[in-house]
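Now for the letters of each chain:
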Amino acid sequence: DRDWLEQQWEIGRIRAKEPGWSLLLILFIIPGFLVLSVTLFQKRKKYRDVHANEYRTRKALAVFKKSVHLASSLNDIGQRQIRYLEAIRTYVRHRMGLEKAGLTVQEIMHFLEMKNISKDKKTEFEKILLTLEKGCYGGHRPQKAELDQWVSSLVELIKLIDKKLV
């Protein structure tokens, strides 16, 4: 048995384990990759913290669309109206660069006047806003189809406004 092992050793079929790629990978490449990943993550987080206002402004339309989509899945019409109105207020607040503030319809319309939005679009936007606000505070409760129609025109108006603001 021992002779056979010595014979195999001499012809090179059995070799002592030499450090190969796996050792190099474990000792150098994986830790280096981890350090690089953590460093990039920290720099990105620091940049986002410093530029939070610009990030919020850039992402306002995406946040609005997501909020509208989530609100449209609700069954209660009253809750939908509240969520839609909150989505609009959040959108305008983000575009204005405000942290947290409750905006009235008049403040939202003043923002649109400052941004040179056409009169007919502002009028349509204000009509939808006032109708949603009335519904939230016990006024007119629209049917589902009517509310969906308002929201689709509202989404189109927001997209148009967002293009003009960029």
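None of the values given here were measured: they were computed from a predicted structure.

Can you walk me through the side chain of Gln-81 in this structure?
Mapped onto the fold, Gln-81 is located in helix H5 (residues 77-96). Here Gln-81 falls in the buried class, since its relative accessible area comes to 0%.

What is the right way to look at the packing of H5 against helix H7 (residues 119-136) in this model?
When two helices pack together, their arrangement is captured by the angle between the axes and the distance separating the axes. It is the contact of H5 with H7, at a shortest axis distance of 9 Å, that shows an interaxial angle of 135°. It follows that H5 is oblique to H7 by the angle criterion. Crossing angle aside, the handedness with which H5 passes H7 is left-handed. For the pair H5 and H7, the contacting residues are Gln-81, Ile-82, Tyr-84, Leu-85, Ile-88 and Arg-89 in the first and Phe-125, Leu-129, Thr-131, Leu-132, Glu-133, Gly-135 and Cys-136 in the second. Of the residues contributing to the contact of H5 with H7, the split by class is 8 nonpolar, 3 polar and 2 charged.

Quick notes on the rules
Residues numbered from 1 in each chain as written. Predicted model: local features only at pLDDT ≥ 70, side-chain atom pairs only at ≥ 80, totals over all residues. Heavy atoms only, no water. Helix = DSSP H or I, 4+ residues; strand = E, 2+ residues; numbered from the N terminus. Buried < 20%, exposed > 50% of the residue type's maximum accessible area, 1.4 Å probe, protein only. Axes fitted to C-alpha atoms, helices over the stretch in contact; angles between N-to-C directions. Parallel < 35°, antiparallel > 145°, perpendicular 65-115°, else oblique. Left-handed = near helix turned anticlockwise from the far one by under 90°. Contact = heavy atoms within 4.5 Å. Nonpolar A, V, L, I, M, F, W, Y, C, P; charged D, E, K, R; others polar.

Everything listed here is a matter of geometry and, on its own, says nothing about what the molecule does.
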